[in-house]
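Coordinate analysis (summary)
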Amino acid sequence: AGALAELVAKGVEHVLTYCNLILDARKSREVNLSFQGFRAFPHEVMHIPGLQSLFVNDNQMGAIPESIGPLMTALTDLDLSNNEILRLPNTVGDLTSLTILKVS
């Protein structure tokens, strides 16, 4: 199940909050999805045009999708710390604007 399916299981309020964060990110170019308990990477963020900052730290994600590189080339700041990620996909190298990468 994806991140959105996880939110649906938590209830409508969580889904609406998530949708508002995604919509706001289209203007602010930043989205903070820290401490959401996600086990899966929130794929919807990869389709926010010009997203520069993504904070998905302190979740329970085990993997990052290969498609992150080609889809998020404007990303400058990516925080993946405090997750269960064992390896980063090779496509992280395609994030040519990235200046800050946090993993642990």
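Preceding this section is the structure that the text describes.
Here goes a summary of the coordinates provided. (Residues numbered from 1 in each chain as written. Predicted model: local features only at pLDDT ≥ 70, side-chain atom pairs only at ≥ 80, totals over all residues. Heavy atoms only, no water.)

1. Let's talk about the pattern of salt bridges
- Per the stated rule, a full pass over the model turns up one salt bridge.
- Across the pair Arg 87 and Glu 66 runs a salt bridge, and its minimum N-O distance is 3.5 Å. Of this pair, Arg 87 sits in the loop between strand E3 (77-79) and strand E4 (100-102) while Glu 66 sits in the loop between strand E2 (53-55) and helix H3 (68-71), and the two are 21 residues apart along the sequence. (Salt bridge = Lys/Arg side-chain N within 4 Å of Asp/Glu carboxyl O. Helix = DSSP H or I, 4+ residues; strand = E, 2+ residues; numbered from the N terminus.)

2. Observations regarding the environment of Lys 102
- Note on placement: Lys 102 falls in strand E4.
- As a C-alpha pair, Lys 102 and Phe 55 span 47 residues in sequence and 9.4 Å in three-dimensional space.
- For Lys 102, the residues in contact, after removing those within four places along its chain, are Leu 78, Asp 79, Leu 80 and Ser 81. (Contact = heavy atoms within 4.5 Å.)

3. Here we look at the sheet that holds strand E1 (residues 30-32)
- Here four strands make up an open sheet; going across it, the order is E1-E2-E3-E4 and the pairing parallel. The two strands at the open ends of the sheet, each matched to only one other strand, are E1 and E4. The sheet shows a mean angle of 5° between the axes of neighbouring strands, direction not considered.
- Pairing between E1 and E2: three bridges, direction parallel. (Pairing = 2+ DSSP bridges. Axes fitted to C-alpha atoms, helices over the stretch in contact; angles between N-to-C directions.)

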